[in-house]
Amino acid sequence: MNRTAALDAVVFGVDIQSGDVRGDAPSYALAVFDGESIERDVVSRRKLRRRIEGEEPAIVATDNMYELAADKDALIHFLGSLPDATKLVQVTGDERPEPLSRVAKRHGVPYGKDPMEEAEAAARLAAANVGQEVSAFTDTTEVKVSRGRSTGKGGWSEDRYTRRIHGAVKKRAREVESELDAAGLAYDRDATEKYGGFSNAVFEVSARPQDIPVSASRSGDTRVEIERQRRDGIEFRPLAKRRDHVVVGVDPGTTTAVAVVSLDGTVLDVYSSRTDDTAATTEWIIERGRPVVVAADVTPMPETVEKLRRSFSAAGWEPNRDLPVDEKKHRTREEAYDNDHERDAMAAALSAFDHHADQFDRIASKVPPQFDVGTVVDRVVAGEESVEAVLRDLDDDESEAEETTAHEPRELTEDEKEIKRLRARIDRLESHVDDLKDTIQQKDERIAETESQLEKARSEGRREVRKEREVTRLQRRNDALERKVEEEAEKREALADKLERLKELWKLDHSNFADVSEKREGLTPVKVVEQFTRDAIDDADERFGLVADDVILFRDASGAGRSTAQRLADIDPKLVLRTGNLSDAADEVLFDHDVPVAPADLVTVQEVDELAVAREREVEAAIEDWEERAADRRKERNAEMVDQIISEHRADRPTSEN
């Protein structure tokens, strides 16, 4: 049930305490009214804004809106800064406000000339639905989905990067569209298509920001901005709504639902409750209008609905048979509701309006401007009087109000009373006959028009079905082609990267490196491997190949075992440059296979991306250095072997002598 009123929420009453709104630092008297108690405070402009933003009152009330803003532009800016659920109310009226003292006296609200007393009076008046809401914005909100970052300039991956961003914008726009559809909101969408998706999508939603299930955000490649559309000027709306004549639909039961529809067929409000009794339901209806017709969606009319009808002295309406569910859904397809009970109540009210719509129009066409159409409709529909009789009666009432009651009117005789009753009855019957004739003619015309439209709709429907099938087929084909294009683009990018690497390797294997060096020194390619591990060696072999007589540089030579060293020895490199120390096991394997190993510091290596080169003379020098160390190591190993043989021989001699 949605019955929020001003008294159920917090109201800020504001009046200027000192200074001038056009000055730098005006102070304000602030009265915070929650329906029972009053909080009083004197605040600066900045503190007032902070409290409004933090507490989000239902109403900010003042006797003069220009006490909060120096001019129209500043007022519009102030209205735009208010929380979505907060209204600015001028309690003294619209463009031509009354004195606050007069308004307070008329509504029985305490008033004093002190700024705090004026702020309190404004708060109490607004809480009682007195005043005009000040608005600078329409009920249409713009939701914009756009790129969250720039697509950049140039680069081999710009196309893929741009496609990804535009694809993200399109995906987020579809999510917003789904959320608006789920909320049943009307909107128009304008999307700008770009390579890979959308560069932006703008939704014009017929709702206020607080009623839209989308919030402003920025995340990665996309951002969402929400802005209410401004009016051409300032508009005033009365807080208290006039109780017009309405059509009411009721769905009774464990959950009671009620819908209210105006005499022009607009759904004004709907609610449902499991706890409210008949008195609460009646009060809710009274707050929203004066029922002319009370309707049910089943036949016969339930007793609960009949009691409500009698309490309002309204006409009743029930269908010839219980309204089918599909008919209810179709009739309420453009309206928002929370459950099936609200839908059924709304369907009953709208069906009753459909039944009486022609009658409402005919009555309205006969009512002169000086009379209220709703009053005449009520007496004709609910009181079963003729339009002419009601107009005469209303005209007589006005005449009697203007005349003085100098003497008592004489009492009519029984015959005169009977004649008056018969004349009224004749007027009603003649009016009813005219109405029936008009109804028959209109229905005949409507039947002929409907049959023509039906045949046209059938033809159009068949054409649309064929069109939709073709569109679906083409869409599926288009989606398949788009996926294929994306796959081919990714393959092309991978092949382009591979081609670049192959070109560089080819240059290393075939170019005269004397042309590379300014001093025309001999260069030799160096193949860089990140770690001395089997996985790193295999990865390098797959990417650019490792073959015999290669110069290989290990950025991290630690951690290699015997099997890893054997894997490297099988390649038979010309020289292994190491950063860090080799394990003893790896060093032993490489030495046994005559693989030269030298510290990376001995050779100057120049790197370009994944490619590296070194001076050939430094490589040869490192190999010669290793060969000298290897020769010494072999001598030491041979000496150790001789010593070991002598030791073993000596150990065996005593045994032989004995």
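Bear in mind that the values here come from a model prediction, so they are computed numbers and not experimental data.

Reading guide: rules and limits
Residues numbered from 1 in each chain as written. Predicted model: local features only at pLDDT ≥ 70, side-chain atom pairs only at ≥ 80, totals over all residues. Heavy atoms only, no water. Helix = DSSP H or I, 4+ residues; strand = E, 2+ residues; numbered from the N terminus. Buried < 20%, exposed > 50% of the residue type's maximum accessible area, 1.4 Å probe, protein only. Contact = heavy atoms within 4.5 Å. Areas by Shrake-Rupley, 256 points an atom, 1.4 Å probe, with all protein chains shown as cover. Pairing = 2+ DSSP bridges. Phe/Tyr/Trp six-rings, centres within 6.5 Å; stacked < 30°, edge-to-face > 60°. Lys NZ or Arg CZ within 6 Å of the ring centre and 35° of its normal. Axes fitted to C-alpha atoms, helices over the stretch in contact; angles between N-to-C directions. Parallel < 35°, antiparallel > 145°, perpendicular 65-115°, else oblique. Left-handed = near helix turned anticlockwise from the far one by under 90°. Nonpolar A, V, L, I, M, F, W, Y, C, P; charged D, E, K, R; others polar. Arc of directions from axis to C-beta. Polar contact = N/O pair within 3.5 Å; in protein donor to acceptor, adjacent residues only side chain to side chain.

### Re the overall build of the chain
Here is step 1: Assigned secondary structure in the chain consists of 16 helices and 21 strands.
Here is step 2: Split into buried and exposed, the 658 residues of the chain put 38% on the buried side.
Here is step 3: Taking as baseline every contact in the chain between residues at least 6 positions apart, the subset at least 24 positions apart corresponds to 61%.
Here is step 4: In the form shown here, the chain has an accessible surface area of approximately 39800 Å², with 46% of it arising from carbon and sulfur atoms.

### Some words on the pairing of strand β12 (residues 256–262)
Here is step 1: Burial analysis of β12 places 7 of its 7 residues in the buried class, which makes it a mostly covered element.
Here is step 2: Every second residue of β12 is oriented toward a common face, with Thr256, Val258, Val260 and Ser262 on one face and Ala257, Ala259 and Val261 on the other, all of them buried.
Here is step 3: Judged from the 6 bridges that link them, strand β11 (residues 245–251) and β12 form a sheet pairing that is antiparallel. Within β12, the position partnered with aspartate 251 by the bridge is alanine 257.
Here is step 4: Between β11 and β12, which pair antiparallel and follow one another directly, the connecting turn spans 4 residues, one of which, glycine 253, has a positive phi of 140°.
Here is step 5: When β12 meets strand β13 (residues 267–273), the two strands line up antiparallel, connected through 6 bridges. Within the sheet, the bridge partner assigned to valine 261 lies in β13 and is valine 267.

### Looking at the packing of aromatic side chains
Here is step 1: Within this structure, the stated rule accounts for 5 aromatic pairs.
Here is step 2: Centroid distance phenylalanine 353 to phenylalanine 360: 6.3 Å. Interplanar angle 45°. Geometry classified as tilted.
Here is step 3: By relative accessible area, phenylalanine 360 is classed as buried at 3%.
Here is step 4: Pairing phenylalanine 532 with phenylalanine 554 gives two aromatic rings, centres 4.4 Å apart and planes at 20°, and the pair type is stacked. Taken together, the residues phenylalanine 532 in the loop between β16 (523–531) and α13 (534–543) and phenylalanine 554 in strand β17 (residues 551–556) connect sequence positions 22 residues apart.
Here is step 5: The exposure class of phenylalanine 554 is buried, given its relative accessible area of 1%.
Here is step 6: Over the aromatic face of phenylalanine 591 sits the side chain of arginine 633, whose NZ or CZ is 4.1 Å from the ring centroid.

### Regarding the packing of helix α9 (residues 340–366) against helix α10 (residues 373–381)
Here is step 1: Closest axis-to-axis distance for the α9/α10 pair is 10 Å, and the angle between their directions is 125°. In terms of orientation, α9 and α10 fall into the oblique class. Seen from above, α9 lies across α10 with right-handed handedness. Facing α9, whose interface residues are His356, Gln359, Phe360, Ile363 and Ala364, α10 presents Val373, Val376, Val377, Val380 and Val381.

### Re the packing of helix α14 (residues 562–571) against helix α15 (residues 584–592)
Here is step 1: α15 packs onto α14 with a crossing angle of 30° between their chain directions and a minimal axis gap of 8 Å. Relative to α15, α14 is oriented roughly parallel. Note that α14 runs across α15; the crossing there is right-handed. For the pair α14 and α15, the contacting residues are Arg562, Ala565, Gln566, Leu568 and Ala569 in the first and Ala585, Ala586, Val589 and Leu590 in the second.
Here is step 2: Classifying every residue of the contact of α14 with α15 by side-chain character gives 7 nonpolar, 1 polar and 1 charged.

### Points about helix α2 (residues 72–81)
Here is step 1: Those residues of α2 that sit buried are Leu75, Ile76, Phe78 and Leu79. All buried residues of α2 project into a common sector of 160° when viewed along the axis, lining one side. Looking at α2, the residues exposed on the side facing more than 90 degrees away from the buried face are Asp73 and His77.
Here is step 2: Looking at the buried side of α2, the elements it contacts are α1 (45–55), β5 (87–90), β6 (132–147) and β10 (222–238).
Here is step 3: The N-cap residue of α2 is aspartate 71: its side-chain oxygen and the backbone nitrogen of aspartate 73 are 3.3 Å apart.

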